[in-house]
Amino acid sequence: MDLKSGYPFWAVKNGLMYAFPQLDTDLTCDVVVMGAGITGALVANELAGHGHDVVVVDRRDICWGSTSASTALLQYEIDTHATDLARRYDQASALLAYQSSLRAIGEIGELAHEVGDVDFATCESLYYASHRSDYSSLDDEFTWRKQHGFPVRWLSRAALKEEYGLKASAAILSSVAARVDPYRLASRLLDRMQRKGVRIFDRTEVTSMTATADSVQLTTNGGMSIKAKHTVVASGYESQQWLRPRVAKNLSSYAYISDPVDPAQLGWLANTMLWESSRPYIYLRATGDGRILVGGEDDDHDMPARRDRMVDRKAATLQRKVARLFPDLQAPPAFAWAGTFAETSDGLPLFGQHPQHGPRVLFALAYGGNGITYSMLGAGLLRAQIENRPHSLTELFAFARLG
Ligand SMILES: Cc1cc2nc3c(=O)[nH]c(=O)nc-3n(C[C@H](O)[C@H](O)[C@H](O)COP(=O)(O)OP(=O)(O)OC[C@H]3O[C@@H](n4cnc5c(N)ncnc54)[C@H](O)[C@@H]3O)c2cc1C
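Predicted model only: the values in this text are computed from it and were never measured. (Residues numbered from 1 in each chain as written. Predicted model: local features only at pLDDT ≥ 70, side-chain atom pairs only at ≥ 80, totals over all residues.)

A word on the site of the ligand
Item 1. In the neighbourhood of the ligand, 37 residues make up the surrounding shell, with Gly37, Gly65, Gly236, Gly339 and Gly371 lying closest.
Item 2. Mapped by element, the contributors of at least two residues to the shell around the ligand are helix H2 (38-48), strand S12 (249-258), strand S16 (333-343) and helix H10 (371-386).
Item 3. In terms of residue class, the shell around the ligand is made up of 15 nonpolar, 17 polar and five charged. (Near = placed C-beta within 6 Å. Helix = DSSP H or I, 4+ residues; strand = E, 2+ residues; numbered from the N terminus. Nonpolar A, V, L, I, M, F, W, Y, C, P; charged D, E, K, R; others polar.)

Structure, rendered in structure tokens:
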């Protein structure tokens, strides 16, 4: 599967940071993690850090999948409003999803500081009403979040104009959000794990997976076998090849990044990310070196050849939208790219076993706009499942909820 088009900035900026071998021998271990993107890195880190003997394999170079294309806004605010989740499930589920995600931002921050040098920074998140007709759903969402103690402030049309110079009927300002270089975080985590003894192999594709009652056997494209007590399928949007029927819809999402911008021009964008209530939405954030990163313009299908052709045109459309919001900002695209993206019908991820493969195979499908936050949550959740312990998110993130 072709996961990305154009020039994803993180891969260009960082290059191939570390070298890992190809697998050329048979292995046994406690857990084999299939996929070395941000999800596989976080899951392997959680397991290896708690005494599990972990092997990680990736069919590409590590982090060369969607992780290199991610714009990596870290938010507890899920693409599905909490009020919609509460209507679809119940209040307790909505609260659990939002509170867990809020906690995960702090946990990613702690890990980023531990690993160091991954362009992590906390920031604020400004979510504005794209149309006047969105006002009441934003108002309901704000009331719900305020009632449940989330760190939010309501901005009226006048306050939004005065404080941010933006024209919209209202916005929710959240004081908890963050940003990171996802490629660097995952790569540095994997390197740290390798130095601590975790066996990591790239350019090693899993071609078959057979589960029995007490083990899983994987075969690789090089004809090697890996026998483990559990497998975690952290293969990103390619994971669905192991599942029938599909559990999520694949889309294409587009992004561009500017050269570093004069701090005076950047203004409040230096520490506030911006997104809107339309779906799909446009979003913006700054990087540590003062670039503007813009994303959106999603297609509701994913056709790599078409996506390749559309990158520049979509970047131009995004740029026009940014110019309407910030007429004085001079920040044209320096690099533009696109990637496969997937979302579930409720905006929540899928972690855990699937009836098709039994209890030894655990999926880590961090699908949705909050993929990285979800991966952080999924790491703890999957460790609990492997250790046979209950976890508060098991049911909410399970395949069973989708019927
Ligand atoms: C344009 C774009 C913008 C995004 N913006 C955000 C954002 O702002 N915030 C956010 O939180 N998330 C965002 N996301 C989503 C986020 O990037 C994803 O959730 C995340 O990258 C998924 O990581 P992953 O490790 O699950 O998948 P990947 O990074 O794709 O890693 C999976 C790995 O599995 C490997 N693999 C696949 N099949 C096999 C096999 N058979 N054998 C061995 N290895 C295999 C692949 O080679 C790949 O390296 C964005 C995504 C895109 C595309």
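There is more to say, and it comes next.
Topic: the pairing of strand S14 (residues 283-286)
Item 1. Burial along S14 is two-sided: Tyr283 and Arg285 facing one way and Leu284 and Ala286 facing the other are all buried.
Item 2. Summarising the sheet, strand S13 (residues 272-276) and S14 pair through two bridges and their orientation is antiparallel. By the bridge assignment, Trp275 is partnered in S14 with Tyr283.
Item 3. In this structure, S14 lies alongside strand S15 (residues 292-299), joined through four bridges in antiparallel fashion. Considered in S15, the bridge of Tyr283 is made with Gly295.
Item 4. Remark: five residues form the turn of the hairpin made by S14 and S15, two consecutive strands paired antiparallel; Gly290 in that turn has positive phi of roughly 80°. (Buried ≥ 20, exposed ≤ 12 C-beta atoms within 10 Å, placed from the backbone. Pairing = 2+ DSSP bridges.)

Observations concerning the packing of H2 against helix H7 (residues 182-195)
Item 1. Following both chains from N to C, one finds H2 and H7 inclined at 35°, their axes separated by 9 Å at the closest point. Classified by chirality, the crossing of H7 by H2 is left-handed. On the side of H2, the interface is formed by Ile38, Ala41, Ala44, Asn45 and Ala48, while H7 contributes Pro182, Leu185, Ala186, Leu189, Leu190 and Met193. (Axes fitted to C-alpha atoms, helices over the stretch in contact; angles between N-to-C directions. Left-handed = near helix turned anticlockwise from the far one by under 90°. Contact = placed C-beta atoms within 7 Å.)

A word on the nonpolar core
Item 1. Counting residues in hydrophobic clusters, the biggest one holds 130 residues, and the most contacted among them are Val33, Val43, Ala44, Val56, Ala171, Val232 and Ala364.
Item 2. Among the elements that take part in this core, H10 stands out by supplying eight residues, more than any other.
Item 3. For this core, the domains that each give at least three residues are domain 1 (4-13 + 22-69 + 183-247 + 347-402) and domain 2 (250-266 + 282-343).
Item 4. Filtering out sequence-adjacent residues up to four positions away, Ala364 remains in contact with Thr39, Val43, Val232, Val233, Ala234, Phe351, Gly378 and Leu382. (Core = buried A, V, L, I, M, F, W, Y, C linked by C-beta atoms within 7 Å. Domains from an automatic or database assignment.)

Details of the packing of H2 against H10
Packed helix pairs are specified by the crossing angle of their axes together with the interaxial distance, meaning the distance between the axes.
Item 1. At a minimum axis separation of 8 Å, H2 and H10 run at an interaxial angle of 40°. As the angle between them shows, H2 and H10 are arranged oblique. In this structure, H2 crosses over H10, and the sense of that crossing is right-handed. Residues Ile38, Thr39, Leu42, Val43, Glu46 and Leu47 of H2 lie in contact with H10, whose contacting residues are Ile372, Ser375, Met376, Gly378, Ala379, Gly380, Leu382, Arg383 and Ile386. (Parallel < 35°, antiparallel > 145°, perpendicular 65-115°, else oblique.)

Structural notes on the domain arrangement of the protein
Item 1. Per the domain assignment, the segments making up the protein are domain 1 (4-13 + 22-69 + 183-247 + 347-402) and domain 2 (250-266 + 282-343).
Item 2. For domain 1 versus domain 2, the distance between C-alpha centres works out to 28 Å.
Item 3. Taken together, the contact pairs 13 residues of domain 1 with 14 residues of domain 2.
Item 4. It is strand S1 (residues 4-6) that contributes the most residues to the side of domain 1 that touches domain 2, three residues altogether.
Item 5. Split into classes, the residues belonging to the side of domain 1 that touches domain 2 amount to seven nonpolar, five polar and one charged.

Quick word on H7
Item 1. Its 14 residues place the ends of H7 20 Å apart at the C-alpha level, agreeing with the 20 Å of an ideal helix rising 1.5 Å per residue.
Item 2. Counted residue by residue, H7 has 10 buried out of 14 residues, so it is predominantly covered.
Item 3. Within H7, the full set of buried residues consists of Pro182, Tyr183, Arg184, Leu185, Ala186, Ser187, Arg188, Leu189, Leu190 and Met193.
Item 4. Where H7 is buried, its residues meet helix H1 (9-14), H2, strand S3 (54-57), helix H4 (91-115), strand S8 (199-201) and H10.
Item 5. Note on H7: the residue one or two positions beyond its end, Gly197, has a positive phi of about 110°. (Expected span 1.5 Å × (residues − 1).)

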